[in-house]
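So the chains spell out like this:
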2 protein chains.
Amino acid sequence: MNLEGHLSSPRSAWTSGGGEMSDVVVSSRARLARNLDGYPFPEHLQPDPGEQVVQRVQGAVTGLGRGWEFYRLQGLSAVDRQVLLEKHLISPQQAQSPDRAALALREDEALSVMVNEEDHLRVQAILPGLAVGHALRLALETDDRLEQNLDFAFTPDRGYLTACPTNVGTGLRLSVMLHLGGLARTQRIQQLLQVLPKLGLAVRGLYGEGTEAIGNLFQISNQITLGQTEEEVAGGIERAALEVIEQERQARRLLAENALPEVQDRVHRAYGILRYARLLGAEEAMHLLSDLRLGTEMGLLQVPLPMVNELLLLALPGFLSRTVGHELQPAEQRAARANLIRERLQKEVG
Amino acid sequence: MNLEGHLSSPRSAWTSGGGEMSDVVVSSRARLARNLDGYPFPEHLQPDPGEQVVQRVQGAVTGLGRGWEFYRLQGLSAVDRQVLLEKHLISPQQAQSPDRAALALREDEALSVMVNEEDHLRVQAILPGLAVGHALRLALETDDRLEQNLDFAFTPDRGYLTACPTNVGTGLRLSVMLHLGGLARTQRIQQLLQVLPKLGLAVRGLYGEGTEAIGNLFQISNQITLGQTEEEVAGGIERAALEVIEQERQARRLLAENALPEVQDRVHRAYGILRYARLLGAEEAMHLLSDLRLGTEMGLLQVPLPMVNELLLLALPGFLSRTVGHELQPAEQRAARANLIRERLQKEVG
């Protein structure tokens, strides 16, 4: 697949709707921060050595073998960078400052390496469902193979050195994206959000740090990267995720027992509005897609999860602009969003 | 058709969606109040003479010929009386106090006579669209034929005597039911509602005096029954209706020019919700049906007006209870209303 293929399709490894616990877990992600020895961190990197970093990583990525491609972000349009961001393949920083930023991507988008983000390299694995351990292994494997050709900044006492001290040590951030539609609707989500940070876990929205939880999608990740092995971190995240999953399932059981007609009504209305509306704001679309997702997860609706994931991506500004063919004003986005979602549902659900 | 036929079908003469100006006018109605000479008005009528009134009217109705049926309300269930009320065939008073109340009905429901309502007889004609003159002629013809067998209370100086002084004279009330969805959405309806009473016209809701305008349906009727001929009253109502129709059409043109995407969105959302919701309150259903009606009237939707009229009737408590087979609690009504509307739209629009 060439870059155009990645940019034009709302499919990604994590959108398949499969994997373990996929009734609650959208995706699991492992990310390793690495820096080349002998170069300043990207923030302090001059153009020339910055270019050297890109070229050295590009060389190492070639060693990863077939199925890997290397793309510089500099030549891409703002819309294309936005699409890569919406697919979680590059970071907001990279999208905003594409100079000397690059992306190495495996064909299925499950594995990628961001180049000259906050750190020189961020190796990332994203898989559908609860697959923290698997994502970690994939990322570590890729990291090992890159390390055969690259010299990473590392000290025995501190581990891998990173631009931000919160990543020093393993450089590992593991996260699980959960759809907590049941907890949100039973007003029990606030309590949960207050408990998790006390367990050393961060709770974030769909697009990471500083983003709000839209469409009841919450990302739970580790805050500690020093003093724990990768496997200990993975075990902690997995245990926390399983606990949250159980609470979410319990909330859904409660809804099914005590408020089934209301939930049925809500999820079918969401379908009816998405299927017929001519204007849809971003926030409303996310709420409706959350209702749709809950309906599918609870077995009340026949809309497949992969389609809900793809609709979520299609509803975002980058994908909208790309589909229409030019950058859209906010007012145009509402019509384009409604059209895209409506046509997709009409075609594939009827 | 027997009574069961009238009770089980949401079709009536006025639901056909046809007639003049049917993009704004739902129906036109003429009603003549008449009382038998020598009997107290119904409010003061004892059981025995009350029964005589019923029998005398029944005898006279026989003279109206084929297609007419005579039904006593006393034996009917509360739900059945509610259905007749919802079809505008009996009055709220008759529905509540069915003793010695009766209904003479022509098969097509365009003509009827309420017996022992506020007056002994109320001859009524309802037609679809703007048809004030035609409705008046039908009612007067029926009145003439009844008068061949009945002796009405009448004095040369005051005309027909009626229980309420506001009806004395011609005993005529002419009304036009208008759907003012455009004026409601351009915030110009309040102004109109303040002007009409100054022209001697009353503005009421779907179910007459004391009812609110639900679903943007407004009934305009004459307030004066003394000192004007029937034809003068009809002319006044028709002129007023034409003026309101023009204002409503202008409001719709403005909407189409300045806010077409928003109107398109609104009417299609209404369809989507009606087509998929599992619970629908009465007020919400009326609002959504008004949006649906506006969409059809403006040519934006392919839902036929007769169906909108029938859905309006089906959404009312009497029809709901009748369709389900027993009287419904308010909470049950919401599910029954959503089911009925959804199934009808699914079957006939798809």
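Higher on the page you've got the structure.
Note that the structure is a prediction, hence the values are computed from the model and not measured.

**Quick notes on the packing of aromatic side chains**
Two descriptors summarise a pair of aromatic rings, namely the distance from one centre to the other and the angle between the planes of the rings.
At step 1: According to the stated counting rule, one finds six aromatic pairs over all chains in the structure shown.
At step 2: Between the aromatic rings of Phe154(A) and Tyr160(A), the centroid separation amounts to 4.9 Å while the plane-to-plane angle is 65°, which identifies the pairing as edge-to-face.
At step 3: A residue is classified by how much of its surface remains accessible, and Phe154(A), at 47% relative accessible area, is partly exposed.
At step 4: Between the aromatic rings of Phe152(B) and Tyr160(B), the centroid separation amounts to 6.4 Å while the plane-to-plane angle is 70°, which identifies the pairing as edge-to-face. Each of the two residues, Phe152(B) as well as Tyr160(B), counts as buried.
At step 5: An aromatic cluster is defined as three or more aromatic residues linked by ring pairs; in this entry it consists of Phe152(A), Phe154(A) and Tyr160(A).
At step 6: For the cation-ring pair, Arg34(A) lies above Tyr160(A), with the distance from its terminal atom to the ring centre recorded as 3.5 Å.

**Examining the pairing of strand 10 (residues 217–222) of chain A**
All names here are of chain A.
At step 1: Within strand 10, six of the six residues are buried, which leaves the element mostly enclosed by the surrounding structure.
At step 2: Burial along strand 10 is two-sided: Leu-217, Gln-219 and Ser-221 facing one way and Phe-218, Ile-220 and Asn-222 facing the other are all buried.
At step 3: Two strands pair when backbone bridges link them, and strand 8 (residues 172–179) and strand 10 are joined in this way by five bridges, in the antiparallel orientation. By the bridge assignment for strand 10, Ser-175 is matched with Ser-221.
At step 4: One ladder, built from four bridges, connects strand 9 (residues 201–204) with strand 10; its direction is antiparallel. Among the inter-strand pairings, Leu-201 is bridged to a residue of strand 10, identified as Asn-222.

**Brief notes about the sheet that holds strand 8 of chain A**
Neighbouring strands of a sheet are bound in pairs by backbone hydrogen bonds; such pairs are parallel or else antiparallel.
Residues and elements named next belong to chain A.
At step 1: Pairing in this open sheet of eight strands is antiparallel, and the strands run 2-3-4-5-1-8-10-9 from one edge to the other. A single partner strand is all that each edge strand has here, and the edge strands are strand 2 (68–72) and strand 9. Across the sheet, the mean angle from the axis of one strand to that of its neighbour is 20°, orientation sign disregarded.
At step 2: Alignment of strand 1 (residues 25–34) against strand 5 (residues 121–128), held across eight bridges, turns out to be antiparallel. Bridge assignment links Ser-27 to a residue of strand 5, and that residue is Pro-128.
At step 3: Lying on the sheet, helix 2 (residues 47–62) is in contact with strand 2, strand 3 (102–106), strand 4 (111–115) and strand 5; it crosses strand 2 at an angle near 165°.

**Re the side chain of Ser221(A)**
Residue and element names in this part refer to chain A.
At step 1: You can see Ser-221 is positioned in strand 10.
At step 2: Note on Ser-221: relative accessible area 1%, which makes it buried.
At step 3: Apart from the residues lying within four places of it in its own chain, the contact partners of Ser-221 are Arg-173, Leu-174, Ser-175, Gly-200, Leu-201, Ala-202, Arg-204 and Ile-237.

**Section: the interface of chain B and chain A**
At step 1: Listed per partner, the contact involves 16 residues of chain B and 16 residues of chain A.
At step 2: Surface buried jointly by chain B and chain A totals about 1,500 Å² across both partners, of which 59% is contributed by carbon and sulfur atoms.
At step 3: Of all residues in chain B, the largest losses of buried area upon contact with chain A belong to Arg269(B), Tyr276(B) and Arg278(B), amounting jointly to 41% of the total for that side.
At step 4: At the surface where chain B touches chain A, the tally comes to two salt bridges.
At step 5: Arg269(B) is the partner of Glu284(A) in a salt bridge, and the nearest nitrogen-oxygen pair spans 2.7 Å.
At step 6: On the surface where chain B and chain A come into contact, there are ten residue pairs in polar contact (both at pLDDT 80 or more).
At step 7: Counting residues per element, the side of chain B that touches chain A draws most heavily on helix 9 (residues 260–276) of chain B, which supplies ten residues.
At step 8: When its residues are assigned to classes, the side of chain B that touches chain A shows seven nonpolar, four polar and five charged.

How each quantity is defined
Residues numbered from 1 in each chain as written. Chains lettered and ligands numbered in written order. Predicted model: local features only at pLDDT ≥ 70, side-chain atom pairs only at ≥ 80, totals over all residues. Heavy atoms only, no water. Phe/Tyr/Trp six-rings, centres within 6.5 Å; stacked < 30°, edge-to-face > 60°. Buried < 20%, exposed > 50% of the residue type's maximum accessible area, 1.4 Å probe, protein only. Lys NZ or Arg CZ within 6 Å of the ring centre and 35° of its normal. Helix = DSSP H or I, 4+ residues; strand = E, 2+ residues; numbered from the N terminus. Pairing = 2+ DSSP bridges. Axes fitted to C-alpha atoms, helices over the stretch in contact; angles between N-to-C directions. Contact = heavy atoms within 4.5 Å. Buried area = accessible area lost by both parts, 1.4 Å probe. Salt bridge = Lys/Arg side-chain N within 4 Å of Asp/Glu carboxyl O. Polar contact = N/O pair within 3.5 Å; in protein donor to acceptor, adjacent residues only side chain to side chain. Nonpolar A, V, L, I, M, F, W, Y, C, P; charged D, E, K, R; others polar.

Everything listed here is a matter of geometry and, on its own, says nothing about what the molecule does.
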